[in-house]
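Here is what each chain is made of, one letter per residue.
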Amino acid sequence: MSNAAYKEMWEKLDLDIDAHDGLLAVLGKFYGDIYMSQQGRLKGMEYLDFVLSEVHGLRVKELQDAKAEGRKIIGTFCVFVPEELTLAANAVHVGLCAGADAGTEQAEKLVPRNTCALIKSFIGFKLARLCPYTESCDMVVGETTCDGKKKAYEAFAEHVNMHVMELPQTKSVSARELFRSEVLRFKSELESLTGVTITPDKLAKGIKIVNDKRRALQRLSALRAANPAPISGRDALLINQVSFYDDPVRFTQSVNALCDEMEARIERGEGVVPEKTARLLLSGCPMAVPNWKLPYVMESSGAVIVGEESCIGTRNTRDLVDESADSLDAMIDAIVDRYMRIDCACFTPNTERLDNVVSMAKELKADGVVHYSLMFCQPYAHEAIKVDSALREAGIPMLSIETDYSMEDVEQLKTRIEAFVEMVK
């Protein structure tokens, strides 16, 4: 499509064209500096570069084409919203813009200033009319993972068609029942919005598509245990980020092809960095596009990131939905059981996350862990202390970082991370 055609599409979506052009220019430069400057990248990353270059273009055009066919677009902010059900209702499931400072001034009219950057970002993108994904949505699905989001969704509901899933805070029998009822409520909402009845056949197909995507990402994750590292942490993070809005079947094929290339590279004993490079695990808060600041600083400080213990990482891909169920009820149970295994910091207690961080660090042969919390994110800031204690017990060093989306602290972060890398080496 030509630029003029894209501009016409964005105008129809009522984006602020000048501000949007400015955003794309900044994003393009940022991407070039952080991604295209890397040496020895895998050839398969060209597909991801293309997706990113067309993130507000071709993919948004695909969403408009789907809408023209009568399909609905479902926007989400969290890995707790079951994509399997969205696909079973013949709808499209996309993650929404929340990874950069945008429309902050407008956002602070709806939420307090000391709200985390991720929440301010999705509200700012909407109010500043900068996100074609939000503008394409027929329904936005929120979830009560934290008090900040819960209250923000009240204000956000005045601007979008909002459905909020209530999430339990424990893993008790009654908590599972609550989540099951919320999954069923989401299913009913989807059926009423799309006019499609979710049948066992359709749901089985949705489960298979999403599981296949997870299997490809699990394969990618496992290959990162190789030394020297076959892929940079930045590129692996980008793959995980793109998984939230690319077409799932096409995305799965591209990741499996990339993994074939990684296996060949491992076979030859090649990597993106020398064998003695410090290997770090990144743990904590999710990172939406274009939140690449910390990974860039880490990998510019003589380290390589070998895994992400976060929602944009293993928390989203570790567990599959059991595919053996054949009735609708049994499939819903399988979905509920799979999603209740997510070790989000919203749960209390959350000991399985501590076990998972330690075992992941060991499996990926990490020399140390960088724990990342967004400023004002209470759940992950609290858990940083527990994670540090669990890692110390296992003899694995950890550095705790609290930051936001601004670039003001880059030099300070670099100083701290370089010192940590020197220590773990």
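For the structure, check the block above.
Predicted model, so just to flag it, every value in this text is computed and none were measured. (Residues numbered from 1 in each chain as written. Predicted model: local features only at pLDDT ≥ 70, side-chain atom pairs only at ≥ 80, totals over all residues. Heavy atoms only, no water.)

Colleague: For the sheet that holds strand E4 (residues 162–165), give the residues involved together with the corresponding values.
Modeller: Here we have 4 strands laid out as an open sheet, ordered E2-E1-E3-E4, and parallel in their pairing. Sheet topology places strand E2 (92–95) and E4 at the edges, where each strand pairs with a single neighbour. Strand-to-strand twist of the sheet, defined as the mean angle between neighbouring strand axes without regard to direction, takes the value 25 degrees. Judged from the 4 bridges that link them, strand E3 (residues 139–143) and E4 form a sheet pairing that is parallel. Across the sheet, the residue bridging to Val141 is His163, located in E4. On top of the sheet, helix H9 (residues 147–156) reaches E3 and E4; it is set at about 155 degrees to E3, its chief contact. Packed onto the sheet, helix H10 (residues 173–194) meets strand E1 (73–76), E3 and E4 and runs at close to 160 degrees relative to E4. (Pairing = 2+ DSSP bridges. Helix = DSSP H or I, 4+ residues; strand = E, 2+ residues; numbered from the N terminus. Axes fitted to C-alpha atoms, helices over the stretch in contact; angles between N-to-C directions. Contact = heavy atoms within 4.5 Å.)

Colleague: So what about the state of the cysteines? Which residues, and what values?
Modeller: Applying the stated criterion across every chain, the model contains 1 disulfide. With no disulfide of its own, Cys146 lies 6.3 Å from the sulfur of Cys116, the closest cysteine sulfur. Using a relative accessible area of 23% as the deciding quantity, one classes Cys146 as partly exposed. Between Cys346, a free cysteine, and Cys344, which holds the nearest cysteine sulfur, the sulfur-to-sulfur gap is 3.4 Å. What makes Cys346 buried here is its relative accessible area of 7%. (Disulfide = S-S within 2.5 Å. Buried < 20%, exposed > 50% of the residue type's maximum accessible area, 1.4 Å probe, protein only.)

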